[in-house]
Structures are given as C-alpha cells and as structure tokens.
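Summary of structural features
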Amino acid sequence: ILDAMTAHTAELTAELTARKKQYNYYRDKLLSFEDGEVEWKTLVDVIKTIKTGKLNANAMVDNGNYPFFTCDSKPFRIDTYAFDTEAIIVSGNGSQVGHINYYKGKFNAYQRTYILADCIEEIKIKFLLIYLKAYLRPYIMQHSKKGSVPYITLPMLQSFKVPLPSLEKQIHIISVLEKFEVLTES
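So, here's what we can say about the structure. This is a predicted model, so every value here is computed, not measured. (Residues numbered from 1 in each chain as written. Predicted model: local features only at pLDDT ≥ 70, side-chain atom pairs only at ≥ 80, totals over all residues. Heavy atoms only, no water.)

Here the focus is unusual backbone geometry. In this structure, N63 takes a positive phi of about 55° despite not being glycine. By secondary structure assignment, the location of N63 is in the loop between strand 2 (47-52) and strand 3 (66-69). Relative accessible area serves as the criterion here: at 73%, N63 is assigned to the exposed category. The backbone phi angle of D118 is positive, close to 65°, even though this residue is not glycine. Considering the arrangement of structural elements, one finds D118 in strand 7 (residues 113-119). (Helix = DSSP H or I, 4+ residues; strand = E, 2+ residues; numbered from the N terminus. Buried < 20%, exposed > 50% of the residue type's maximum accessible area, 1.4 Å probe, protein only.)

Moving on to the layout of surface pockets. Quantified by volume, the largest pocket comes out at close to 580 Å³. Around the largest pocket sit 19 residues that line it, and Y23, R27, K133, E181 and E185 are the ones nearest its centre. Every element with two or more residues in the lining of the largest pocket is listed here: helix 1 (2-30), strand 6 (100-109), helix 3 (125-143) and helix 5 (167-185). The element that contributes the greatest number of residues to the lining of the largest pocket is helix 3, accounting for seven residues. Tallied by class, the residues present in the lining of the largest pocket amount to seven nonpolar, four polar and eight charged. (1 Å grid on protein atoms, 1.4 Å probe; cavity = no way out; pocket = protein on both sides within 12 Å on 5 of 7 lines; lining within 4 Å. Points joined across faces, edges and corners; volume = space filled by probe spheres on them. Nonpolar A, V, L, I, M, F, W, Y, C, P; charged D, E, K, R; others polar.)

Running from N to C, helix 1 and helix 5 cross one another at 170°; their axes reach a closest spacing of 9 Å. Considering their axes alone, helix 1 and helix 5 lie roughly antiparallel with respect to each other. Counted together, L16, R19, K20, Q22, Y23, Y26, R27 and L30 of helix 1 and I173, V176, L177, F180, E181, L183 and T184 of helix 5 form the full contact between these two elements. Each residue belonging to the contact of helix 1 with helix 5 can be placed in one class, and the counts come to nine nonpolar, two polar and four charged. (Axes fitted to C-alpha atoms, helices over the stretch in contact; angles between N-to-C directions. Parallel < 35°, antiparallel > 145°, perpendicular 65-115°, else oblique. Contact = heavy atoms within 4.5 Å.)

Written as structure tokens, this is what we have:
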C-alpha cells in the first residue's frame, strides 16, 4: 500500500511540475510585448500608494482578528489593523525577500513589508500582481542590497518597470492565467 502511495505521489508531483512549467511558458508568452506594443511605466507611476507597515515582527498574536504580513511567505495574525484596502504585499528583506501576497480587506504589516495599493485606472491590480509575481523577484535578486540579510529599498521598488497593455488585454491575460493557475494547484 505504501509503495503504491509513493508511486502515486511521485506521479502527481511530476504532473504538477509539468503543469507549472506550462504555466510559466504561457505566462511569459502572454506577458512578453514587442517594442512599441505597450507603454512601460515605473511602479511609482502606476501605484498611488507604496509604503511599509510600521510594526515589529514580534507584534503578532495567536488567533488575532486580522492577517499580519511580515517577510514570511504566509501571514501571521494580529488584533489591530492599519490597512483596509486591496493590496499587493511585498516582503522587503530576509530569505523571502520579494515574496508577494495579495489581500483585500483589513490587515497589518511589518515595517520591512511593502504595501502597494491604489492602482491608476490604466492598470488592473490582478494584472500587476501576475506581472510582479513573474518578474519582480529576479529583478530584486539582481538589484538587492547585499549584506548579512538581503533587502530592497523603496527607490529600487519604485523604479521597477511594468507594461501597460490595453485594459481588454489585461483582462484577457488575467482570465487565462487564473484558469491555468487553478489547474497547476489542483
């Protein structure tokens, strides 16, 4: 029974790995644009709010009422909130530097966690989320400040360039990739 389960697990893992490769291939194809096809803007030009949380990482509490985003990949909990918005949350330092979360609602954040909110009308936050998940971490790894703990700076984040395809094209890309993402995670 255990040998059969191990074989089945290996088969599922191989299939999910293949799906993720396919997802990355199609994502990169959908997000690549010819010269002059789209306008490129810096993140500071497409996001009205880029700021960090104010709390220390040890502010978390067990069974808190709200998510508390730190530089870990998963949020902790806390009893107070500082943000009530739809946001992309970027880990600003440590081993998870550049990790991206998305949240809509009330939450709080660690002082080295960047909150990106309030997109301009020409960009959908879900499109920006997809683009950042694909390309922000490699950019950060190339440009991050190196020391004992890797970290990013606000100017580095603000200068990251993003494409602005038409809203119709953004909606199409979001739709295709969200469906594909369900397949890669099921």
